[in-house]
Amino acid sequence: GAVVSQHPSWVICKSGTSVKIECRSLDFQATTMFWYRQFPKQSLMLMATSNEGSKATYEQGVEKDKFLINHASLTLSTLTVTSAHPEDSSFYICSARDFAADNQPQHFGDGTRLSIL
Amino acid sequence: LAKTTQPISMDSYEGQEVNITCSHNNIATNDYITWYQQFPSQGPRFIIQGYKTKVTNEVASLFIPADRKSSTLSLPRVSLSDTAVYYCLVGVRQAGTALIFGKGTTLSVSS
């Protein structure tokens, strides 16, 4: 079945550094991918919609200069957390659906745990 | 805002059938109902999806009444490994449309 892969699964870094998270659709193409953030014991919150070949669409309250999204190909979207601070520590999850098969569900990656010291 | 309402938590014992009901009073004509399961530190995993009546797969059944204002996820004979958060979502089946998550139902299965 369709698989979405995220890398890395866990990142620990110092405050002020930038961190890049990759999201890949392994056996299908996705013109659109989605990035979510999840804090402990809370639900997933949509951060942004990543569009292949164009700018991402950010949800209200999400800083586009803080969370840079690039969707350069039909199988890869990246989320870069710039100048990360402890409050950016969270669980980041991406998702995608096969753009050629609307009857297929959206598939999620296994998430990236980001810890900023 | 999420379009769904479901119980915050449920408790069950191994071997029992668990039914989780989700309310979606404002479901649109083109919306499908989808359920996901999430374990700690993992991404949500697709369980089942339906539009109307009943859908069954190898892990669950989904019951949707004619008015589609609610749906019930049925998990037969749960085990300890079914302890997880279950999310009910409604939305159109278009690749470019994001899923908006509600709070989900935390199911705890005990021995």
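Provided above is the structure to which this section pertains.
Let us look at the structure shown here.

Cut-offs used in this document
Residues numbered from 1 in each chain as written. Chains lettered and ligands numbered in written order. Predicted model: local features only at pLDDT ≥ 70, side-chain atom pairs only at ≥ 80, totals over all residues. Heavy atoms only, no water. Helix = DSSP H or I, 4+ residues; strand = E, 2+ residues; numbered from the N terminus. Buried < 20%, exposed > 50% of the residue type's maximum accessible area, 1.4 Å probe, protein only. Contact = heavy atoms within 4.5 Å. Buried area = accessible area lost by both parts, 1.4 Å probe. Salt bridge = Lys/Arg side-chain N within 4 Å of Asp/Glu carboxyl O. Core = buried A, V, L, I, M, F, W, Y, C linked by side-chain atoms within 4.5 Å. Pairing = 2+ DSSP bridges. Axes fitted to C-alpha atoms, helices over the stretch in contact; angles between N-to-C directions. Polar contact = N/O pair within 3.5 Å; in protein donor to acceptor, adjacent residues only side chain to side chain. Disulfide = S-S within 2.5 Å.

**Thoughts on the overall build of chain B**
No. 1: When its secondary structure is counted, chain B shows zero helices and nine strands.
No. 2: Counting from the amino terminus, chain B carries its helices and strands in the arrangement β-β-β-β-β-β-β-β-β.
No. 3: Taken over the C-alpha atoms alone, chain B extends approximately 40 × 30 × 25 Å along its principal axes.
No. 4: For chain B, buried positions account for 44% of its 111 residues.
No. 5: Here the analysis covers contacts within chain B between residues at least 6 apart in sequence; of these, 57% occur between residues at least 24 apart.

**Side note on the interface of chain B and chain A**
No. 1: Taken together, the contacts link 21 residues of chain B with 21 residues of chain A.
No. 2: Overall, the association of chain B and chain A removes approximately 1,700 Å² of surface from exposure, summing both partners, and the carbon and sulfur fraction of that is 53%.
No. 3: It is R93(B), A95(B) and F101(B) in chain B that bury the most area against chain A; as a group they hold 30% of the surface buried on that side.
No. 4: Taken together, chain B and chain A are joined by zero salt bridges.
No. 5: Among the elements of the structure, strand 3 (31-38), strand 4 (45-50) and strand 8 (84-92) of chain B are those that each provide at least two residues to the side of chain B that touches chain A.

**Considering the nonpolar core**
Among soluble globular proteins, nonpolar side chains are generally buried collectively.
No. 1: With 25 residues, the main nonpolar core has W35(A), Y58(A), F67(A), I69(A), L79(A), Y92(A) and L114(A) as its most contacted residues.
No. 2: Of all the secondary-structure elements, those providing two or more residues to this core are strand 2 (10-13), strand 3 (19-25), strand 4 (32-38), strand 5 (45-51), strand 7 (67-73), strand 8 (76-81), strand 9 (90-96) and strand 11 (112-116) of chain A.
No. 3: Aside from chain neighbours lying at most four places away, what touches Y58(A) is M47(A), A48(A), K64(A), F67(A), L68(A) and I69(A).
No. 4: Core analysis: the second largest hydrophobic core is formed by 20 residues, C22(B), A60(B), L62(B) and V109(B) among them.

**A few points about the sheet that holds strand 3 of chain A**
All names here are of chain A.
No. 1: What the four strands build is an open sheet, ordered 1-3-8-7; its pairing is antiparallel. Here the strands that pair on one side only, and so sit at the sheet edges, are strand 1 (4-7) and strand 7. Within this sheet the neighbouring strands show an average axis-to-axis angle of 15 degrees, counted without direction.

**Considerations on the side chain of S50(A)**
Residue and element names in this part refer to chain A.
No. 1: Locating S50 in the fold gives a position in strand 5.
No. 2: On the accessibility criterion, S50 (0% relative accessible area) is buried.
No. 3: Among the polar contacts listed, one links the side chain of S50 to the side chain of S77, at a separation of 2.9 Å.
No. 4: For S50, the residues in contact, after removing those within four places along its chain, are T31, T32, M33, W35, A56, I69, N70, H71 and S77.

**Focus: the state of the cysteines**
No. 1: Scanning all chains against the criterion turns up two disulfides over all chains.
No. 2: Sulfur-sulfur distance for the disulfide between C22(B) and C88(B) comes to 2.2 Å. An S-S torsion of about -80 degrees defines the bridge between C22(B) and C88(B) as left-handed. Highlighted residues: C22(B) in strand 2 (residues 18-23) and C88(B) in strand 8, separated in sequence by 66 residues. Grouping residues by exposure puts C22(B) and C88(B) together as buried.
No. 3: Its sulfur unpaired, C13(A) is 18 Å from the next cysteine sulfur, which belongs to C94(A).

**Digging into the environment of A95(B)**
No. 1: Within the element layout of this structure, A95(B) appears in the loop between strand 8 and strand 9 (105-110).
No. 2: Ignoring sequence-local partners within four residues, the contact set of A95(B) consists of T32(A), F34(A), R97(A), D98(A), F99(A) and D102(A).

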